[in-house]
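# Geometric and topological summary
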Amino acid sequence: MGRIIAIDYGTKRTGLAVTDPLRIIANVLDTVETKQLEKYLADYFSKNDVDIIVVGKPSQMNGQPSETMRYIEPLVGRLRHAYPQKQVVLYDERFTSVMAHRTMLESGIGKMARRDKALVDRISATIILQSYMDSAEYNSLR
């Protein structure tokens with residue numbers, strides 16, 4: 001059983017999170033420049049066993065896809081083509097940035113650190129991953 005990796009895609013930076021090998025805990029992995037994302041993933045996949053790639057699906061409050069989906073859909077297509085043996089899943093990411101800021105506040109992270117957008121991206125990816133792991137969709141696969 002391989003790990004699960006989550007991607008919180010942004011046009012400038014992308015947050016990444018990954019499970020432990022037993023898929024028990026979602027952990028912060030990294031924040032990478034989006035233009036380096038696919039190279040980073042190729043390198044990571046060459047060194048780590050990953051079975052599922054969860055990509056945050058940004059939606060507006062009314063459920064319609066957000067503007068960022070025009071970048072995410074081609075990425076998902078490229079990932080599915082490059083890694084046909086891995087399952088690529090789009091998973092709702094609404095409110096993850098708000099939840100990341102709240103998590104940072106509740107954990108006592110200082111004001112300056114909370115301004116670190118890369119940290120917010122990593123925490124958002126971790127929230128996406130944990131939400132996916134808690135979902136009925138994932139648990140029906142187990």
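Each remark here, short or long, concerns the structure printed above.
Residues numbered from 1 in each chain as written. Predicted model: local features only at pLDDT ≥ 70, side-chain atom pairs only at ≥ 80, totals over all residues. Heavy atoms only, no water.

Let us look at helix 5 (residues 117-134). Residue pairs three or four apart in sequence face the same way in an α-helix, which turns once every 3.6 residues. With 18 residues, helix 5 should cover 26 Å at 1.5 Å per step; its first-to-last C-alpha distance of 25 Å lies within 8% of that length. Of all the 18 residues making up helix 5, 14 are buried; the element is thus mostly covered by neighbouring parts of the structure. (Helix = DSSP H or I, 4+ residues; strand = E, 2+ residues; numbered from the N terminus. Expected span 1.5 Å × (residues − 1). Buried < 20%, exposed > 50% of the residue type's maximum accessible area, 1.4 Å probe, protein only.)

Before going further, it helps to examine the nonpolar core. One finds Ile7 and Leu79 to be the most contacted residues of the largest nonpolar core, which totals 20 residues. Within the residue set of this core, elements represented by two or more residues are strand 1 (3-8), strand 2 (13-19), helix 1 (37-47), strand 4 (50-57) and helix 2 (69-82). In terms of residues, this core owes the most to one element, helix 2, which gives five residues. Non-local contacts of Ile7, meaning those with residues more than four positions away in its chain, are made with Thr14, Gly15, Leu16, Leu37, Leu41, Ile53, Val54, Val55, Gly56, Leu79 and Ile128. The next biggest cluster of nonpolar side chains, apart from the first, holds 14 residues, and it includes Ala26, Val89, Tyr132 and Met133. (Core = buried A, V, L, I, M, F, W, Y, C linked by side-chain atoms within 4.5 Å. Contact = heavy atoms within 4.5 Å.)

Moving on: the sheet that holds strand 2. The five strands are arranged 3-2-1-4-5 in an open sheet whose pairing can be described as mixed. Pairing within the sheet leaves two strands with one partner each, and these edge strands are strand 3 (26-33) and strand 5 (87-92). Within the sheet, the average angular offset between the axes of one strand and its neighbour, ignoring direction, is 25 degrees. With four bridges connecting them, strand 1 and strand 2 associate as antiparallel partners. When the sheet's bridge partners are listed, Ala6 is paired in strand 2 with Ala17. (Pairing = 2+ DSSP bridges. Axes fitted to C-alpha atoms, helices over the stretch in contact; angles between N-to-C directions.)

Here we come to the pattern of salt bridges. Applying the stated criterion across every chain yields a total of six salt bridges. Salt-bridge contacts for Arg13 lead to Asp121; the nearest nitrogen and oxygen are separated by 2.9 Å. Taken as a pair, Arg13 in strand 2 and Asp121 in helix 5 lie far apart in primary sequence, 108 residues in all. Close ionic contact of Arg23 with Asp51 constitutes a salt bridge, the shortest N to O distance being 3.1 Å. You can see Arg23 sitting in the loop between strand 2 and strand 3 and its partner Asp51 sitting in strand 4, a full 28 residues away along the chain. A relative accessible area of 11% means that Arg23 is categorised as buried. Taking the relative accessible area as the measure of exposure, Asp51 reaches 29% and is therefore partly exposed. (Salt bridge = Lys/Arg side-chain N within 4 Å of Asp/Glu carboxyl O.)

What follows is about the environment of Lys47. Positionally, Lys47 belongs in helix 1. Overall, Lys47 belongs to the exposed group, its relative accessible area being 62%. A distance of 3.2 Å separates a polar atom in the side chain of Lys47 from a polar atom in the side chain of Asp43. (Polar contact = N/O pair within 3.5 Å; in protein donor to acceptor, adjacent residues only side chain to side chain.)

Per the counting criterion, the structure on display carries two aromatic pairs. Consider the rings of Phe45 and Tyr83, whose centres lie 4.8 Å apart with planes at 85 degrees: the pair is edge-to-face. Taken together, the residues span a long stretch of sequence, with Phe45 in helix 1 and Tyr83 in the loop between helix 2 and strand 5 at a distance of 38 residues. Like Tyr83, Phe45 is buried. (Phe/Tyr/Trp six-rings, centres within 6.5 Å; stacked < 30°, edge-to-face > 60°.)

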